[in-house]
Amino acid sequence: MNMFRFPVRNTPRKFKKSFGVGSGPAERIKKLQMLVTALIRNERLEAKESYCLETRGYVEQLIQIAIRNGDRHAETMEKADFWLLEKDLVHKLFKVLVPRYQNYSTACTDFHFLPKKVPGSGVQMGILELKGNPWPPVVPRQRDQGHLLTNVLLSSAKAEYRMEKKITPDLRNGDHDKLEQAANT
Amino acid sequence: MFVRSMHKCCRVCLKSSTRSNAFSYFIKRQLNTKTARKLTNEEARHKRNEIFNEERARQLAFITRIEKIQVEHKGPPEDCTLIMNKGLSTPFNCAMHIGELLMNRSVLALVNGKPWDMHRPLIEDCELQFLHMKDENPFLSNQAFWRSCSFILGYVLETAFKNDYYVELCSFPVPNVTSGSFVYDADLKLQDWSPSAMELNCLSRVGQSLRFSDFRFERLDIDASVALKMFEENRFKSEQIPQIAGKSETGSSVTVYRMGDHIDITRGPLMGSTGMLSRFSVTAVHRIESPLYGPLSRVQGIAIPMSLKLHYWTYEFLMKRATKLNPAPIPTAFQAKPINETVNKKGKENDN
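Cut-offs applied
Residues numbered from 1 in each chain as written. Chains lettered and ligands numbered in written order. Predicted model: local features only at pLDDT ≥ 70, side-chain atom pairs only at ≥ 80, totals over all residues. Heavy atoms only, no water. UniProt positions renumbered as here; feature names shortened; annotations may be inferred. Buried < 20%, exposed > 50% of the residue type's maximum accessible area, 1.4 Å probe, protein only. Helix = DSSP H or I, 4+ residues; strand = E, 2+ residues; numbered from the N terminus. Pairing = 2+ DSSP bridges. Expected span 1.5 Å × (residues − 1). Axes fitted to C-alpha atoms, helices over the stretch in contact; angles between N-to-C directions. Contact = heavy atoms within 4.5 Å. Buried area = accessible area lost by both parts, 1.4 Å probe. Salt bridge = Lys/Arg side-chain N within 4 Å of Asp/Glu carboxyl O. Polar contact = N/O pair within 3.5 Å; in protein donor to acceptor, adjacent residues only side chain to side chain. Nonpolar A, V, L, I, M, F, W, Y, C, P; charged D, E, K, R; others polar. Parallel < 35°, antiparallel > 145°, perpendicular 65-115°, else oblique. Left-handed = near helix turned anticlockwise from the far one by under 90°. Patch = residues over 30% accessible without salt bridge, like charges linked within 9 Å, V, L, I, M, F, W, Y side chains within 5 Å. Areas by Shrake-Rupley, 256 points an atom, 1.4 Å probe, with all protein chains shown as cover. pLDDT = per-residue confidence, 0-100. Core = buried A, V, L, I, M, F, W, Y, C linked by side-chain atoms within 4.5 Å.

In the nomenclature of an unreviewed UniProt entry, chain B is known as TGS domain-containing protein of Sinanodonta woodiana.

An unreviewed UniProt entry lists chain A under the name Large ribosomal subunit protein bL17m, with Sinanodonta woodiana as the source organism. Its UniProt record, at the heading Sequence similarities (unreviewed entry), says of chain A: "Belongs to the bacterial ribosomal protein bL17 family."

Trainee: Is there a simple way to think about the pairing of strand E10 (residues 262–265) of chain B in this case?
Mentor: Two faces belong to every sheet, and in a regular strand the side chains alternate between them. Side chains of E10(B) alternate between two faces, with B:His262 and B:Asp264 and B:Ile263 and B:Ile265 buried alike. Connecting strand E9 (residues 253–259) of chain B to the antiparallel partner E10(B) that follows it, the hairpin turn spans two residues, and B:Gly260 within it adopts a positive phi of roughly 65°.

Trainee: Can you walk me through helix H7 (residues 139–160) of chain B in this structure?
Mentor: It helps to recall that an α-helix has 3.6 residues per turn; residues three or four apart then point in one direction. For H7(B), built from 22 residues, the straight-helix expectation of 32 Å at 1.5 Å per residue is met to within 8% by its first-to-last C-alpha distance of 31 Å. Within H7(B), 20 of the 22 residues are buried, which leaves it mostly tucked inside the rest of the structure.

Trainee: Please explain the sheet that holds strand E3 (residues 125–130) of chain A as it appears in this structure.
Mentor: Through backbone hydrogen bonds, the strands of a sheet pair up, either in parallel or in antiparallel fashion. Residues and elements named next belong to chain A. Overall, antiparallel pairing links the three strands, which are arranged E1-E3-E2 in an open sheet. The open sheet has two free edges, formed respectively by strand E1 (44–48) and strand E2 (109–113), since each of these has just one partner strand. If you compare each strand with its neighbour and ignore which way they point, the axes differ by 25° on average. Relative to E3, E1 is paired through five bridges, and the arrangement is antiparallel. Residue Arg-44 lies in a different strand from E3, and its bridge partner there is Glu-129. Of the strands in this sheet, E1, E2 and E3 touch helix H1 (residues 25–42), which is tilted by about 150° from E1.

Trainee: Before we go on, may I ask you to explain the interface of chain A and chain B in this structure?
Mentor: When the parts of a complex come together, some accessible area is lost, and that lost area is often taken as the interface size. Across the boundary between the two partners, chain A contributes 14 residues, which contact 23 residues of chain B. On the chain A side of the interface with chain B, the three residues burying the most area are A:Leu149, A:Thr150 and A:Leu153, jointly 37% of the side's total. The partner of A:Glu160 in a salt bridge is B:Arg321, with the nearest N and O atoms 3.0 Å apart. Here chain A is connected to chain B by nine residue pairs in polar contact (both at pLDDT 80 or more). Counted by class, the side of chain A that touches chain B contains six nonpolar, three polar and five charged residues.

Trainee: Help me understand the packing of H7(B) against helix H8 (residues 197–208) of chain B in this model?
Mentor: Each packed pair of helices is defined by two parameters, the angle between the axes and the distance between the axes. Residues and elements named next belong to chain B. Two elements in contact, H7 and H8, have axes separated by 9 Å at closest approach and are oriented at 120°. Judged by the angle between their axes, H7 and H8 are oblique. Here the hand of the crossing between H7 and H8 comes out right-handed. The segment H7 lies against H8, with Ile-152, Tyr-155, Val-156, Thr-159 and Ala-160 engaging Leu-203, Val-206 and Gly-207. Residue composition of the contact of H7 with H8, by class: six nonpolar, two polar and no charged.

Trainee: I tried to follow the side chain of B:Lys47 on my own but got confused; where do I start?
Mentor: Residues and elements named next belong to chain B. The residue Lys-47 is located in helix H4 (residues 41–60) in this model. At 2.9 Å, the side chain of Lys-47 and the side chain of Glu-233 are in polar contact. Sequence-distant contacts of Lys-47, that is, excluding residues within four places in its chain, are made with Lys-229, Met-230, Glu-232 and Glu-233.

Trainee: Is there a simple way to think about a nonpolar patch on the surface in this case?
Mentor: On the surface, B:Leu60, B:Phe62, B:Ile63, B:Ile66 and B:Leu88 cluster together to form a nonpolar patch covering roughly 470 Å² of accessible area. Summarising the element assignment, B:Phe62 is placed in the loop between H4 and strand E1 (68–73).

Trainee: Please clarify how the confidence of the model for chain B should be interpreted in this entry.
Mentor: Interpreting fine coordinate detail is not advised for predicted regions of low pLDDT. This prediction gives chain B a mean pLDDT of 86; 84% of its residues lie at or above 70. Note that pLDDT drops below 50 for residues 30–35 of chain B; the model gives that stretch one contact with residues more than four away or on any other chain.

Trainee: Help me out: how do you make sense of the pattern of salt bridges in this one?
Mentor: Applying the stated rule across the entire model yields 31 salt bridges over all chains. Two residues, B:Lys324 and A:Glu164, come together in a salt bridge whose shortest N-O distance is 3.0 Å. With one member in each of two chains, B:Lys324 in the loop between helix H12 (312–322) and helix H13 (340–349) and A:Glu164 in helix H5 (residues 149–165) form a pair that bridges those chains. A salt bridge links B:Glu127 to B:Lys74; its shortest N-O distance comes to 3.5 Å.

Trainee: Please explain the nonpolar core as it appears in this structure.
Mentor: Within soluble globular proteins, side chains that are nonpolar generally end up buried alongside one another. Core analysis: the largest hydrophobic core is formed by 54 residues, its most contacted members being B:Phe145, B:Ile152, B:Leu157, B:Leu188 and B:Phe280. By residue number, the principal contributor to this core is H7(B), which donates 11 residues. Each residue touching B:Leu157, except ones within four places of it in the same chain, is listed here: B:Val167, B:Leu169, B:Tyr184, B:Ala186, B:Leu188 and B:Val299. Counting residues in each nonpolar core, the second largest holds 29 residues, with A:Leu35, A:Val36, A:Ala80 and A:Leu84 among its members.

Written out as structure tokens, the structure reads:
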């Protein structure tokens, strides 16, 4: 059994106009094969949000099966042969990706939303990537601002305030109200 | 209370004074010279400056031949190598060669990994980095800023009062930003004085105005004998100097800093110039009892640098916190000469 390590939707997303209107389920699978192949080849791709998220499940499943069963397993090889249209990528799957993701406890793919273009068609685009790829990061590293002088002053003031009021806030249980009450009194 | 306050704060009086006020001041000085002459902060400051200038000129005279050193700068805008003058060029001079950004924002320099003042001459081939308030981890810059603010608070106390009040500065503790305020312990010679909000405001303005005068902090290592001569009018400092000198590397040197015409003892490092000050407030004056020096005033304040923005509501909230008595150790560090270990421990408590 596969355990997906990212939120999965129960119903499949529709691929509108993937190969022309009314192209049918066969063309949908063909499109998915192309996307899976492209992702394994380039390790990052930019497409419509629905394409990315549908592709994600198949790639995750393929890598998980490859990790579990290895390259001596007939069913796994059959599956790899089906999804990877370019056959040299079968070697990449077992020789590069399996060692990379062996000890991962999280999903091995990442998805990022892209901003909608204005003016434009209003289609939500996204980026799907394999983790640990050689490309520069999509989201730039955020600087930790907690050590700035003003923030040090504020955090220590907050800590002192809580010490005096003996508040142990648990924000999950809706303690915001209690904090406000304490501040008002 | 209002009238009384106007008589205490010299700056405010002089600015709003009429001719008669100035005249009475003149008469008072004449009377003082004829009768028993009273020591004033102004005279002491003047004397210290003269000694400082003399000592600096003497030290500069040792450099008869200009030698070159190689300074390797690491960091933005780009890594580069500079050829500078040994014993003359400072990190600030290096920043002048590299870019205006570094001149304006740098609080401290790191020379071979050690914190170094912006206006302290470089003495050997070194690797140079510049630190500012928005660094990844601005701990060193924060400490330098907070220490500089304590130093400035000393200047405020010495200059804000009329000459009738001879303020004797004692010392300030190691900067601790989390305590919420910086501190200067001094003998104000004002018994039972609890300053009003207006008086505190007057004191704050003296510090705040330094932002526009943009004074540099100049460092000078002097011999203990010179330091004793410099601070002979101050009973606290003259007691502390032999102890500080004993702990120094050479065993007889004391580090003093000058900002404008104000000179004080501190280990440093301090920030580049007072132009980095954004808001400066004196928030409270508490009475504390030192077992060695007797009753002292613990003056507290809060300040933020130019590069960090803060909403006025938040600043006032922090000001409220800064009125509480700062828990820093009371100056007793130089009481006696106990075992070496305890000296080191106590030495950490007091910064100057």
